[in-house]
Amino acid sequence: MTKDELEIKSIVDRETKAWDTRNVDLLMSIFHPDMVWPWPKTNSSHDPMDWELVLGKFNKERWSKGWQDLFDNYNLEHNIREIKKIVISDGKDGAFAVVDIDTLWIDKNNNKNHWKGRVCKVYSRIGDEWKMTMQTGALEY
């Protein structure tokens, strides 16, 4: 892997660690201030006409509260993530990572929140660091 690819891999790994440890501050550290996260209604909703913007544009306070609510009310059953591809732009100022995920949260009433499929994580270089600007929700292919 190139230096840039290793940097993107480290961000994916940091995000995985944030989910695994339920660490909101670590999770917030990967997002660009202009981050937007569209999410399909189901993991088979490939047409973006069916997607939603549940969180809207990144807002640290609002997003932290939302993710903390998840962490407080759900146990993480498993979180399996595999990087399939990393692409860096020729100008080394943009990148994306394709990651297969299988993340299962279960609450005290046995309600499941299952994120399963392939996601595309999009990054922009800001100064000398990368920040996530966008991610698709999980889709099964």
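Above: the structure in question.
Figured I'd write up the structure that's included with this text.

Cut-offs and rules
Residues numbered from 1 in each chain as written. Predicted model: local features only at pLDDT ≥ 70, side-chain atom pairs only at ≥ 80, totals over all residues. Heavy atoms only, no water. Core = buried A, V, L, I, M, F, W, Y, C linked by side-chain atoms within 4.5 Å. Buried < 20%, exposed > 50% of the residue type's maximum accessible area, 1.4 Å probe, protein only. Contact = heavy atoms within 4.5 Å. Helix = DSSP H or I, 4+ residues; strand = E, 2+ residues; numbered from the N terminus. 1 Å grid on protein atoms, 1.4 Å probe; cavity = no way out; pocket = protein on both sides within 12 Å on 5 of 7 lines; lining within 4 Å. Points joined across faces, edges and corners; volume = space filled by probe spheres on them. Nonpolar A, V, L, I, M, F, W, Y, C, P; charged D, E, K, R; others polar. Salt bridge = Lys/Arg side-chain N within 4 Å of Asp/Glu carboxyl O.

## Brief notes about the nonpolar core
Okay, step 1: One finds Ile8, Leu27, Phe31, Trp67 and Tyr123 to be the most contacted residues of the largest nonpolar core, which totals 31 residues.
Okay, step 2: Beyond its immediate stretch of four places on either side in the chain, Tyr123 contacts Ile8, Ile11, Val12, Asp93, Gly94, Ala95, Phe96, Ala97, Trp130, Lys131, Met132 and Thr133.

## Observations concerning the environment of Ile83
Okay, step 1: Structurally, Ile83 can be placed in strand 4 (residues 74-88).
Okay, step 2: On the accessibility criterion, Ile83 (26% relative accessible area) is partly exposed.
Okay, step 3: As a C-alpha pair, Ile83 and Asp4 span 79 residues in sequence and 15 Å in three-dimensional space.
Okay, step 4: When sequence neighbours within four positions are dropped, the list of residues in contact with Ile83 reads Lys9, Val12, Val98 and Val99.

## A few points about empty space enclosed by the protein
Okay, step 1: Under the criterion given, the structure shown has one cavity of 30 Å³ or more.
Okay, step 2: The calculated volume of the largest cavity comes to roughly 50 Å³.
Okay, step 3: Elements with a contribution of two residues or more to the lining of the largest cavity: helix 1 (3-21) and strand 6 (112-126).
Okay, step 4: Here the lining of the largest cavity is composed, by residue class, of six nonpolar, one polar and three charged.

## As for the pattern of salt bridges
If the charged atoms of two oppositely charged side chains come close together, the side chains can form a pair.
Okay, step 1: In this structure the tally under the stated criterion is 12 salt bridges.
Okay, step 2: The salt bridge involving Lys3 is made with Glu7; its shortest N-O contact spans 2.7 Å. Of the two residues, Lys3 and Glu7 are both situated in helix 1; the distance of four residues between them amounts to about one turn of the helix.
Okay, step 3: The exposure class of Lys3 is exposed, given its relative accessible area of 59%.
Okay, step 4: With a shortest N-O distance of 3.4 Å, Glu82 and Lys84 are connected by a salt bridge.
Okay, step 5: According to the relative accessible area criterion, Glu82 is partly exposed, its value standing at 44%.

On their own, these measurements won't tell you what the molecule is for.
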